[in-house]
2 protein chains.
Amino acid sequence: MVDQERKVTVKAPVNIAVIKYWGKKDEKLITPINNSISATLSIDDLCATTTITISSNYQEDEFWLNGEKQTISDNKRLSHCLVQFRSLKSNINNHLKIESHNNFPTAAGLASSAAGYACLVSALGHLFGITDGKQLSILARQGSGSACRSIYGGFVEWIAGDDSETSFAEQIVDDNHWPSLRVIILIANDKEKDVASTSGMKRSVETSELIHHRAEKVVPERCIQMRKAIKEKNFTKFAELTMRDSNQFHAIAQDTYPPIRYMNDVSWSIVSLVHGYNEFIGSTKVAYTFDAGPNGVLFMEQDQVGQFMTMVKQFFPFTNQTDGLFRGEPIPQEEIINQSLVDYLSKKLIIKENSLKGIIYTKVGCGPKIVNQQSN
Amino acid sequence: MVDQERKVTVKAPVNIAVIKYWGKKDEKLITPINNSISATLSIDDLCATTTITISSNYQEDEFWLNGEKQTISDNKRLSHCLVQFRSLKSNINNHLKIESHNNFPTAAGLASSAAGYACLVSALGHLFGITDGKQLSILARQGSGSACRSIYGGFVEWIAGDDSETSFAEQIVDDNHWPSLRVIILIANDKEKDVASTSGMKRSVETSELIHHRAEKVVPERCIQMRKAIKEKNFTKFAELTMRDSNQFHAIAQDTYPPIRYMNDVSWSIVSLVHGYNEFIGSTKVAYTFDAGPNGVLFMEQDQVGQFMTMVKQFFPFTNQTDGLFRGEPIPQEEIINQSLVDYLSKKLIIKENSLKGIIYTKVGCGPKIVNQQSN
C-alpha cells in the first residue's frame with residue numbers, strides 16, 4: 001500500500017438559540033423533548049477550527065484540543081463519533097490526527113461544544129466523503145445536541161424527531177436573508193459556579209412540573225411563529241418571541257429541584273436595560289436571550305447599535321478591557337448622548353461598574369467552511 | 001340618643017405562604033386562581049395593631065396609619081370594607097376612628113397589608129358583632145387577598161372558591177400543633193425596584209404561558225400533599241413542597257412578559273446555603289420560601305437553629321445592625337463551629353458581607369387577638 005496522507009481544515013460557527021433546547025428525550029442518542037431554533041453566528045468573530053490528517057503512517061488516532069493532547073478513550077462522545085463515521089465508510093481504516101481550537105477564551109463562558117462538534121463532523125465528513133447536511137447534522141447531534149444546528153448558516157431549526165434518524169437540523173433561511181441584523185454578546189462578570197447544562201437539563205426533565213407543558217404545548221406554537229417572524233424579517237415579533245422563550249427556559253431552570261440559576265444580578269440589569277430602552281423608544285428595538293450562563297446575547301437592527309450601545313457604556317462602564325473578550329467591528333458611538341433616554345433608564349437601573357468583562361459585536365453568518373485541504 | 005363610645009384594640013399577624021397565591025380570577029373581588037397555604041407568624045414579633053373607636057360624637061370616619069391621617073376616599077379597598085360592614089349591620093350608623101400601626105419597619109420589605117386588613121376586619125367585626133371566621137375571612141380578602149389567611153393562627157388554607165362567598169380561608173391546624181417549628185426571616189439588602197405584587201400578578205395572568213398549568217394541574221395536588229405533611233408534622237415533605245412551590249412561583253414571575261424578578265443574588269445565595277446545608281447533613285433540615293421580594297423566610301425545627309444560623313453568620317457576616325430589623329428571641333450560636341460543614345459550603349458559595357440587613361427569629365402563632373376594649 002502506497003504512503004497516503006490527506007488533510008483538511010474546517011472552521012465552524014457557534015449558534016445561539018432563540019427557541020431554547022432544554023431537556024433530552026433520550027440521554028444517549030441526544031434527542032430533545034422539543035424543537036429549537038437558533039441563529040448561526042459569524043465565524044469571522046467566533047469559531048472552532050479543526051484540522052484532521054488521515055495517514056497510513058499513523059499508528060493510532062490522536063486528538064489535540066487547544067494544543068493539548070487528549071486521551072480519546074476518555075471522551076466517549078468523540079470515540080462514538082469516530083466509530084459512527086468508520087461504520088458508514090468501512091473502507092477507511094487509516095488513523096487520524098485531529099487538532100481542534102476555539103478562537104474564543106474559555107473565560108467568556110460561551111458554549112464551545114456546539115462549534116467544536118460541528119467542526120469535527122464537517123471535517124470528518126469531508127475526508128470520508130459524507131456531505132449530506134442531514135446526515136452530518138445527525139452525527140454532530142450525537143456529539144453535542146446543539147452542534148447539529150451549527151451545521152448550517154443563517155437561522156436553523158432542530159427538529160426534535162422521534163428517534164436518532166429523525167432528529168436533525170434544517171435551515172430556515174441562509175445568512176444572506178437578514179443582513180441588517182446584528183448580534184451583540186455582553187459577557188458578564190461572574191463569580192458563581194454554574195450547573196453544567198447536561199446535568200441541569202436532566203434534572204429539569206426529572207423534577208420540573210412545568211417543563212413538559214412547555215415542550216408539548218408552548219414550544220410547537222412558538223416555533224411556527226418564530227419561523228414566520230424570521231422569514232418575514234419581522235423584528236418586533238422575532239424579538240418578543242426570543243425574549244419570552246429565554247425567560248421561559250430560565251423559568252424552567254428555576255422550577256427544577258433543586259433550582260438552577262444562570263442569570264445573575266448583571267443579567268437582570270441587562271434585561272431591565274433592554275425593556276427600558278424599548279419602552280422609551282415605544283417599540284421593541286432590542287431583544288435579549290440568555291443561555292446556561294449569565295451572558296446576555298442581544299439582537300437588534302444595525303441602526304439601533306449606536307444608540308443602544310451608548311446606553312450600555314453609560315450603565316455598565318468598565319475600566320479593564322481583557323484581551324480577546326472584545327471582538328468584532330468597532331461599535332458605533334453616538335456623538336450626542338440622548339439625555340432623556342439616560343434619565344428614563346436611570347429610574348429603572350443603577351450603574352453597574354465593571355460588571356461586564358467583554359463585548360462581542362457580530363452578526364448571523366454561514367455554516368462550516370473548508371479553509372484548507374491537501375492530499376498526496 | 002345617648003352619647004355612646006366604644007373602642008377596641010386588636011393585634012393581627014403576618015402570614016407567609018408555603019403554597020403561593022399568585023394570580024387573581026377576579027380583580028375586583030380578589031378571588032385567586034388557585035388555593036394557597038400559609039403559616040401564620042407569631043404576633044409577639046411581627047404584627048399590625050388597630051384601634052377602632054366608634055362614637056356618636058364623630059362627624060365623619062377617620063383613618064390614621066402609623067400616626068398619619070389618611071384620606072379614606074383615596075383608599076378604595078378600605079372604603080369598600082366599611083361599606084360592606086355597614087351593609088351587614090345597617091343599625092350601626094356612628095362614625096369610626098381607625099388607628100393602625102405596623103410594628104415592623106417598611107424597610108424590611110415585609111408585606112404589611114395582609115396583617116393590616118386582617119386587623120381592621122377583626123376589630124370592625126368585634127364592634128359590629130360579626131365573629132364568624134369565614135365571614136371575616138371573606139371581608140379581609142376583599143381588602144388584600146392574603147389577609148384572609150391572617151384571620152386564623154397556625155397553618156391556614158385559602159380555598160380559591162368560585163365566587164366571593166366561596167373564597168375564604170380555613171384553618172388546617174392551630175398554632176399549638178407543631179411547637180418545635182421555627183421561622184427565621186433573613187432580610188436582604190436590596191437596591192433594585194420591585195414590581196408591586198398586585199400589578200405583577202395581573203401581568204402574569206395575562207402573559208405567562210405556564211401560570212394556568214400551575215394553577216390547574218400543579219397546585220391542587222400540592223395542596224393535598226402539603227396539608228398531609230403539616231398534619232403529620234413531616235418536616236422533610238413540608239420543606240420540599242415549600243421550596244418547590246416558592247421556586248415555581250418565581251418561575252412564573254420570570255415567565256411573565258416583561259419578566260418579573262424578586263430574588264436577587266443574595267436570595268440565591270440563601271438558596272445555595274440551604275441546599276448545601278441539607279446536602280451536607282444528608283436530609284432536608286431547612287426550607288426556604290421567597291415572596292414578592294428578596295427576603296428569605298426559612299423554616300426549620302428548633303434543634304437546627306444553632307448550627308444553621310452559625311453558618312448564616314459565617315457566610316453572611318454583617319457589621320451594622322439596624323434597629324428594629326433584628327427581632328425575636330436570641331439566636332442560639334454553636335460554641336464549636338463545624339469546620340467540615342464550613343468547608344463543604346465554601347465550595348458552593350462565597351462570603352457575602354453586609355448582604356443581610358436584619359434577622360427575625362420567630363415561630364408559628366395565633367390569629368388576631370383583642371388586646372383591649374372599652375365601652376361606656
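The residue count restarts for each chain, going from 1 along the sequence in the order it is written. Written order determines the labels here, with chains lettered from A and ligands numbered from 1. Under the rules for a predicted model, residues below a pLDDT of 70 receive no local features and side-chain atom pairs below 80 are neither given nor counted, while totals for whole chains, interfaces and linings still include all residues. Excluded from the side-chain calculation are hydrogens and water; included are all heavy atoms of the structure.

Asker: Account for the sheet that holds strand β12 (residues 181–188) of chain B, naming residues and giving values.
Answerer: All names here are of chain B. As summarised here, the arrangement of the five strands in space is β13-β14-β12-β16-β15, forming an open sheet in which the pairing is mixed. Strands at the two margins of the open sheet, each flanked by one partner only, are β13 (286–290) and β15 (326–328). Here the average twist between neighbouring strands, direction ignored, is 20°. The pairing criterion is simple: DSSP has to find at least two bridges between the two strands. Runs of H or I in DSSP of at least four residues are treated as helices and runs of E of at least two as strands, each being numbered from the N terminus. As paired elements, β13 and strand β14 (residues 296–301) share five bridges and run antiparallel to each other. Bridging from a neighbouring strand, Ala-287 pairs with Phe-299 of β14. Against the sheet, helix α6 (residues 235–255) engages β12, β13 and β14, with an angle of about 25° to β13. Interaxial angle, 0 to 180 degrees, is taken between N-to-C directions of lines fitted to C-alpha atoms, where a helix line uses only the stretch in contact. By definition, residues are in contact when any of their heavy atoms lie within 4.5 Å.

Asker: Tell me about the relation of the copies chain A and chain B, and name the residues and values.
Answerer: The pair of chain copies shares a relation made of a rotation about an axis and a shift along it. The copies were overlaid by least squares, fitting only the C-alpha atoms of residues that reach a pLDDT of 70 or more in each copy. Take chain A, turn it by 180°, move it 0.0 Å along the axis, and it overlays chain B with an RMSD of 0.0 Å. Such a turn and shift between the copies fits a two-fold axis. Judged by C-alpha distance, Ala-251 of chain A is the residue of chain A that lies nearest the rotation axis, at 2.0 Å. With an isologous cut-off of 70% or more, the 100% of interface residues of chain A that recur at the interface of chain B puts this contact in the isologous class.

Asker: A description of the packing of aromatic side chains should follow, citing residues and the corresponding values.
Answerer: Here a Phe, Tyr or Trp ring, Trp counted by its six-membered ring, pairs with any other such ring whose centre lies within 6.5 Å, and the pair is stacked when the planes are under 30 degrees apart, edge-to-face when over 60, and tilted otherwise. Applying the stated criterion across every chain, the model contains 30 aromatic pairs over all chains. Considering the side-chain rings of Phe-238 of chain A and Phe-299 of chain A, the 5.2 Å spacing of their centres and the 90° angle between planes classify their relative orientation as edge-to-face. Note that Phe-238 of chain A is positioned in helix α6 (residues 235–255) and Phe-299 of chain A in strand β14 (residues 296–301), a separation of 61 residues in sequence. Neither Phe-238 of chain A nor Phe-299 of chain A differs from the other in exposure class; each is buried. The interplanar angle of 80° and the centroid separation of 6.5 Å between the aromatic rings of Trp-178 of chain B and Phe-235 of chain B together place this pair among those described as edge-to-face. Within this pair, whereas Trp-178 of chain B is found in the loop between β11 (168–173) and β12, its partner Phe-235 of chain B is found in helix α6, the two being separated by 57 residues in sequence. Like Phe-235 of chain B, Trp-178 of chain B is buried. Among the aromatic residues, those joined into a ring-pair cluster are Phe-155, Trp-178, Phe-235, Phe-238 and Phe-299 of chain A. The buried label goes to any residue with under 20% of its type's maximum accessible area, the exposed label to any with over 50%, and the partly exposed label to all in between, with areas taken from a 1.4 Å probe on protein chains only.

Asker: Could you give an account of the domain arrangement of chain A, with specific residues and numbers?
Answerer: All names here are of chain A. Residue ranges for the domains trace back to a domain assignment, done automatically or taken from a database. If you check the domain split of chain A, you get domain 1 (5–175 + 366–375) and domain 2 (181–362). On the side of domain 2, 45 residues touch domain 1, which itself brings 31 residues to the contact. When the area that domain 1 buries against domain 2 is broken down by residue, the three leading residues are Val-18, Lys-20 and Trp-22, summing to 26%. Salt bridges, as used here, are contacts in which a Lys or Arg side-chain nitrogen is within 4 Å of a carboxyl oxygen on Asp or Glu. Between domain 1 and domain 2 we count two salt bridges in total. Between Glu-157 and Arg-227 there is a salt bridge, with its nearest N and O atoms 2.7 Å apart. Pairs of N or O atoms are called polar contacts if they sit within 3.5 Å, as long as, within protein, a hydrogen donor faces a hydrogen acceptor (for residues adjacent in sequence, only side-chain-to-side-chain pairs). Linking domain 1 with domain 2 are 10 residue pairs in polar contact (both at pLDDT 80 or more). Elements represented by at least two residues in the side of domain 1 that touches domain 2 include exactly β2 (15–19), β5 (36–40), β10 (155–159) and β11 (168–173). It is β2 that provides the largest number of residues to the side of domain 1 that touches domain 2, a total of four residues. Summed over both partners, buried area is the accessible surface (1.4 Å probe) that two parts give up on being assembled.

Asker: Quick one: what's the story with helix α3 (residues 133–141) of chain A, residue by residue and with numbers?
Answerer: All names here are of chain A. Most of α3 is tucked away: seven of the nine residues are buried. Among all positions of α3, only Gly-133, Leu-136, Ser-137, Ile-138, Leu-139, Ala-140 and Arg-141 are buried. As for α3, its buried residues are in contact with β4 (31–32), α1 (76–88), α2 (113–128), β10 and β11.

Asker: Requested: an account of the sheet that holds strand β13 (residues 286–290) of chain A, with residues and values cited.
Answerer: Residues and elements named next belong to chain A. If you walk across this open sheet you meet the five strands as β13-β14-β12-β16-β15, and the pairing is mixed. The strands lining the two open edges of the sheet, one partner per strand, are β13 and β15 (326–328). Each strand of the sheet is rotated relative to its neighbour by a mean of 15°, with strand direction disregarded. Lying on the sheet, α6 is in contact with β12 (181–188), β13 and β14; it crosses β13 at an angle near 25°. Together, β12, β13, β14 and β16 (356–362) form the strand contacts of helix α8 (residues 305–315), whose direction differs from that of β12 by roughly 10°.

Asker: Describe unusual backbone geometry, and please don't skip the residues or the numbers.
Answerer: A cis geometry characterises the amide bond from Tyr-257 of chain A onward to Pro-258 of chain A, with omega recorded as -10°. For Pro-258 of chain A, the position within the fold is in the loop between α6 and α7 (265–281). Even without being glycine, Ile-30 of chain A reaches a positive phi, approximately 55°. With respect to the helices, strands and loops of the structure, Ile-30 of chain A is situated in the loop between β3 (24–26) and β4. For Ile-30 of chain A, a relative accessible area of 1% gives the class buried. The backbone of Asn-66 of chain B shows a phi angle near 45°, a positive value even though the residue is not glycine.

Asker: Quick one: what's the story with the pattern of salt bridges, residue by residue and with numbers?
Answerer: This model, assessed by the stated rule, comprises 28 salt bridges over all chains. The partner of Lys-20 of chain A in a salt bridge is Asp-291 of chain A, and the shortest N-O contact between them spans 2.6 Å. With Lys-20 of chain A in the loop between β2 and β3 and Asp-291 of chain A in the loop between β13 and β14, this residue pair connects regions lying 271 residues apart in the sequence. Between Arg-244 of chain B and Glu-240 of chain B there is a salt bridge, with its nearest N and O atoms 3.0 Å apart.

Asker: Quick one: what's the story with the packing of helix α2 (residues 113–128) of chain B against helix α3 (residues 133–141) of chain B, residue by residue and with numbers?
Answerer: How two helices pack is summed up by the angle between their axes together with the distance between the axes. Residues and elements named next belong to chain B. Where α2 meets α3, the closest approach of the two axes is 9 Å, and the angle between their N-to-C directions is 135°. With respect to their mutual orientation, α2 and α3 come out oblique. Here α2 runs over α3; the crossing is right-handed. Along its contact with α2, which presents Tyr-117, Ala-118, Val-121 and Gly-125, the element α3 presents Leu-136, Leu-139 and Ala-140. The nonpolar class holds Ala, Val, Leu, Ile, Met, Phe, Trp, Tyr, Cys and Pro. Asp, Glu, Lys and Arg form the charged class, and all remaining residues, Gly among them, are polar. Of the residues that constitute the contact of α2 with α3, the class distribution is six nonpolar, one polar and no charged. By definition in this entry, angles of less than 35 degrees are roughly parallel, angles greater than 145 are roughly antiparallel, angles of 65 to 115 are roughly perpendicular, and the rest are oblique. What makes a crossing left-handed is the near helix being turned counterclockwise from the far one by less than a right angle; a clockwise turn instead makes it right-handed.

Asker: Residue-level account of the interface of chain A and chain B, with values.
Answerer: Listed as interface residues are 37 residues of chain A and, on the opposing side, 37 residues of chain B. For the chain A and chain B pair, buried surface summed over both sides reaches about 3300 Å², with 54% attributable to carbon and sulfur atoms. A per-residue breakdown of the area chain A buries against chain B is headed by Gln-254, Tyr-257 and Trp-268 of chain A, which together make up 22% of the total. Between Arg-222 of chain A and Glu-209 of chain B there is a salt bridge, with the nearest N and O atoms lying 3.3 Å from each other.

Asker: A description of the environment of Ala-160 of chain A should follow, citing residues and the corresponding values.
Answerer: Residues and elements named next belong to chain A. Take Ala-160: it is sitting in the loop between β10 and β11. You can call Ala-160 buried: its relative accessible area is 8%. The spatial distance from the C-alpha of Ala-160 to the C-alpha of Asp-132 is 19 Å, given a sequence separation of 28 residues. What Ala-160 contacts, discounting residues up to four positions off in sequence, is Thr-31, Pro-32, Asn-34, Asn-35, Thr-166 and Ser-167.

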